[in-house]
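Notes for the structure review
One letter stands for each residue in the lines below.
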Amino acid sequence: QTIYLSDYTPPAFLIDTVHLTFRLHPEKTRVISRIEFRPNPATQSRAFFLHGEGVTLIRASIDGQPVTPDMVQGGLRCDVPDAPFVWEAEVEIAPAQNTALEGLYMSNGMYCTQCEAEGFRKITYYPDRPDVMATFTVRIEGDMPVMLSNGDPVEQGGGVAVWHDPWPKPAYLFALVAGDLVNHPGAFTTRSGREVELNIWVRPGDEGKCAFAMDALKKSMTWDEEVYGREYDLDVFNIVAVDDFNMGAMENKGLNIFNSSCVLASPETSTDANFERIEAIIAHEYFHNWTGNRITCRDWFQLCLKEGLTVYRDSQFTSDMRSAPVKRIGDVIALRARQFREDNGPLAHPVRPESFVEINNFYTATVYEKGAEVIGMLKRLVGDEAYARALDLYFDRHDGQACTIEDWLAVFEEVTGRDLGQFKRWYSQVGTPRLRVTDDYKDGTYTLHFEQETPPTPGQPDKAPQVLPIAVGLLGPNGDEVRETTVLEMTEAKQSFVFEGLSARPVPSILRDFSAPVVLERETDNAERAFLLAHDTDPFNKWEAGRALAREGLIAMILQGAAPDAAYLDAVQSMARDDSLDPAFRALALGLPGQDDLAQTLHDRGHTPDPQAIWDALETLRQARAQHCQDLAVRLYAQYQVDAPYSPDAGQSGARALANAALALITRTDGGAQAQRQYDGATNMTQQLAALSCLLQAGKGEAAVAQFYDQWRDDRLVIDKWFMMQIVNADPEQAATVAGRLTQHPDFEMKNPNRFRATLGALAANPAGFHHAGGAGYRLLADWLIRLDPVNPQTTARMCSAFETWKRYDSSRQALIAEQLDRILATPDLSRDTTEMVSRIRGA
Ligand code: ARG
Ligand code: ZN
């Protein structure tokens, strides 16, 4: 059944207060609810419907009188008074049987919840929609030492805990945790003097891995006060780490629940990248307190209202804490890899979708990451000062409300007087615009001609021009900047911009800082790219020039069997050797376009990508580069070793990233000797894992793989890395075999989403391996998706996106994939989640 945005109707009844009592039991938890309803004055409808799924109704009453509701698909109906009334119900649920990890479930003996988007209906009967907001009081009865819910504690002890959350909230922000937990405590005083108790709750044994997240939380709280003027609004802020979790983390009011992989950190067990990610996710969930919780979404079509904005906010935070250019480059790499891929395939959808079958399938790169890009564009168009005023107005006007994208855009229109009608297309029009650029120069006048076009996507054949903020700078022939960055505002399908008073033909630096999420197409040559790599003052475009050089060289290798491009090798060497550049930037610039990125580029240019040929070209280029930069690699490796005690800060992690990029080069000429030395002497996970990956790629990983397992067998999160490393670094013809073998390992647990992703997700992350000609990768993945679906539909459905690029490939691969998609679809009782995903991927 498809739900449409255009069918939205307001709720018939609103809620003032909710009282919940939980009598915890693994197999038969009782949930007693007492809800004060009143008719919604904003609507005529008086139809009383409560969502409920997989809950057994024991009794129900209205104003104390027992009632017998009509049990219907997905919930219940009941005759109710046309006046305020009190609904009471008792239901039974079985958290220990809940392997879908949605609603109330058990993870390693602890009770926890995940209610976004529609999980609360698996806990009790309720109007489970975000526009119904209420204050909650929660009483938990059980024998667990720690029992938590939202808000502030009211009463604790004697097998009972009572919590009260004074802030009205939708049910998706409800949370409950109960277990044998220990806390890593902290404290924060808000700008206006509120003393907030902070806790990170973990299983005994993990308390030594909380300090970093606690510090990140305090930094986030300070940052949101300083940059957005937002303060925390309760006396307690709790974070809990859970091993079995479908996503990264969840912003439940006052009680954030995290996948343990997104909060626990120590130098020995976490990489620099893990630390950075944890810091960003802690910030993300904390920032939701205002963008998501105090102001929430009217309906799930508005998901990007909270997610796009909160991703944008956490990226600003990371830019402030670390290096802004490095963060931007990393974000664009991820955007192209995940969101462009989505936009260019059968799962393409608007930032604000207009219909869905299962909302969990729309927690996507488009809603999150493109949603954040749209906010970045808006800020660039209106300027920092107007952005700040618009946000103040947004928080002022909509605090306590459930809002829409229209509400969001209205504050910008009001503050700036701009008409955002055309800009709004970014929320509804699907696909990645292609921006073609040509230029001409005559008598000191330089003109840039732009043309934009968005390719058709499923259900949207015709596209209108979008508003594109194009940040442009101009460089003179000797490399100095003759025009600083200005933002050109393109609104037409074709538009030209003129620069006057130039003394020579300039070299343009277009789309600086990646000012719009588009594919830039421009006829240019390697000389110009090398020039920009050497001289561009915009760090993003400097990196982009190097990336384009690498990409064009690789495409020529793939299509024409060309040799590795000498211009690229020289340019990348001079860049890597330049000690005035940030080591983290140089490490990024030593990266190469991903296999998937190259496949998409080839497809865009009308070729059928051959995954094996792409892999071969990348290998050849890596080898040539290792030879070309042999001496430099040895120098960099020695120079960027970190002697100081480990810290995950930007400076140290940048140095380690560059040294490890050098190690990858060295491994290709010394057969792995240096990598083995680094592996043996490693004192932190960043060093250990980088060395392991080099050894695996060199085919010398056997001893290290065995040693690693022995060392870390008791640490689930590290063993996830062990699974993943072996598969991502496997040779294409081996990848499916290695993954298949690892699914038979005693430590493979299908029910743990992290472990499932570390194994089957890793296979999909090895494109040449996954797409290897015989189709073994496709079969293996399909087998496991079919097995996981009845256990955990949400994670199964997400992982179906491994197949989303199938139409790019040759007919033989397409046939092999179609066979697997059909096999999945033919599985009896396939979940709604997976059915929707596979049908969309398979297409008409
Ligand atoms: N709101 C969470 C976050 O962005 C994600 C929760 C997603 N949950 C889901 N079932 N799709 O931080
Ligand atoms: Zn979020």
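All values derive from a computational prediction rather than experimental measurement.

A look at the UniProt feature "domain: Peptidase M1 alanyl aminopeptidase Ig-like fold" (unreviewed entry) in the protein chain
- As recorded in UniProt, the feature "domain: Peptidase M1 alanyl aminopeptidase Ig-like fold" (unreviewed entry) lies at residues 431-522.
- Helix makes up 0% of residues 431-522 and strand 54%, whereas the separation of the span's terminal C-alpha atoms amounts to 19 Å.

A few points about the UniProt feature "domain: Peptidase M1 membrane alanine aminopeptidase" (unreviewed entry) in the protein chain
- Under the UniProt annotation, the feature "domain: Peptidase M1 membrane alanine aminopeptidase" (unreviewed entry) is placed at residues 212-426.
- Its end C-alpha atoms 37 Å apart, residues 212-426 is made of 55% helix and 9% strand.

Considerations on the nonpolar core
- Grouped together as the largest cluster of nonpolar side chains are 247 residues, with contacts concentrated most on Val177, Ala213, Ile727 and Leu763.
- Tallying contributions element by element places helix 16 (residues 650-670) first for this core, with ten residues.
- Residue contacts for Ile727: discarding those within four places in its chain leaves Ala735, Val738, Ala739, Leu742, Thr759, Ala762, Leu763 and Asn766.

What to know about the pairing of strand 3 (residues 29-39)
- Looking at chain direction, strand 2 (residues 13-23) and strand 3 are connected through nine bridges and run antiparallel. Directly across from Thr21, in strand 3, lies its bridge partner Ile32.
- Relative to strand 9 (residues 85-93), strand 3 is paired through nine bridges, and the arrangement is antiparallel. Pairing of Phe37 across the sheet is with Phe85, part of strand 9.

Structural notes on the sheet that holds strand 30 (residues 507-510)
- Read across the open sheet, the three strands follow the order 28-27-30; overall the sheet is antiparallel. The open sheet has two edge strands with one neighbour each: strand 28 (481-490) and strand 30. The sheet shows a mean angle of 25° between the axes of neighbouring strands, direction not considered.
- In the sheet, strand 27 (residues 468-475) pairs with strand 30 via four bridges, with the strands oriented antiparallel. Bridge assignment links Leu475 to a residue of strand 30, and that residue is Val507.

Considerations on the sheet that holds strand 4 (residues 49-51)
- An order of 4-8-7 is seen for the three strands of this open sheet, with the pairing classed as antiparallel. If you trace the sheet from one side to the other, it starts and ends with strand 4 and strand 7 (70-72), each paired once. On average, each strand axis in the sheet is tilted by 25° relative to the strand beside it, whichever way the strands run.

Concerning the site of ligand 1
- Around ligand 1, the structure places Glu116, Ala117, Asn246, Met247, Ala249, Met250, Glu251, His284, Glu285, Glu307, Asn360 and Tyr363.
- Contributing elements (two or more residues each) for the shell around ligand 1: strand 20 (249-250) and helix 2 (272-287).
- Partitioning the shell around ligand 1 into residue classes produces five nonpolar, three polar and four charged.

Comments concerning the environment of Ala527
- Position of Ala527 relative to the elements: it lies in helix 9 (residues 526-535).
- The exposure class assigned to Ala527 is exposed, which follows from the 11 C-beta atoms found within 10 Å.
- When the C-alpha atoms of Ala527 and Asp399 are compared, they prove to be 54 Å apart, with 128 residues separating the residues in sequence.

A closer look at the packing of helix 14 (residues 611-628) against helix 16
- Across the interface, helix 14 lies against helix 16 with an axial gap of 8 Å and an inter-helix angle of 90°. Between helix 14 and helix 16, the angle falls in the class roughly perpendicular. On helix 16, the residues touching Arg622, Gln623, Arg625, Ala626 and Gln627 of helix 14 are Leu665, Arg668 and Thr669.
- Each residue belonging to the contact of helix 14 with helix 16 can be placed in one class, and the counts come to two nonpolar, three polar and three charged.

Conventions used here
Within every chain, residues take consecutive numbers counted from 1 along the sequence as written. Just so you know, chain letters begin at A and ligand numbers begin at 1, following the order they were written in. At least 70 in pLDDT is required for a residue's local features to be given in this predicted model, at least 80 for side-chain atom pairs to be given and counted, and no such filter applies to totals for whole chains, interfaces and linings, which use all residues. UniProt positions are given in the numbering used here, feature names are shortened, and annotations may be inferred rather than shown by experiment. Segments assigned H or I by DSSP are reported as helices when at least four residues long, segments assigned E as strands when at least two residues long, and all are numbered from the N terminus. Take the buried Ala, Val, Leu, Ile, Met, Phe, Trp, Tyr and Cys residues, join any whose C-beta atoms are within 7 Å, and the set you get is a nonpolar core. With C-beta atoms placed from the backbone, a residue counts as buried when 20 or more other C-beta atoms lie within 10 Å of its own, as exposed when 12 or fewer do, and as partly exposed for counts between those limits. Throughout, a pair of residues is in contact if the C-beta atoms placed from their backbones lie within 7 Å. Between any two strands, pairing holds if DSSP finds at least two bridges. A fitted line through C-alpha atoms serves as each axis, taken over the contacting stretch for helices, and the angle formed by two N-to-C directions is quoted from 0 to 180°. Should the C-beta atom of a residue, placed from the backbone, lie within 6 Å of a molecule or strand, that residue is near it. Any residue outside Ala, Val, Leu, Ile, Met, Phe, Trp, Tyr, Cys, Pro, Asp, Glu, Lys and Arg is labelled polar, Gly included; the first ten of those are nonpolar and the last four are charged. Oblique is the label for any angle not covered by the other classes, which are roughly parallel (under 35 degrees), roughly antiparallel (over 145) and roughly perpendicular (65 to 115).

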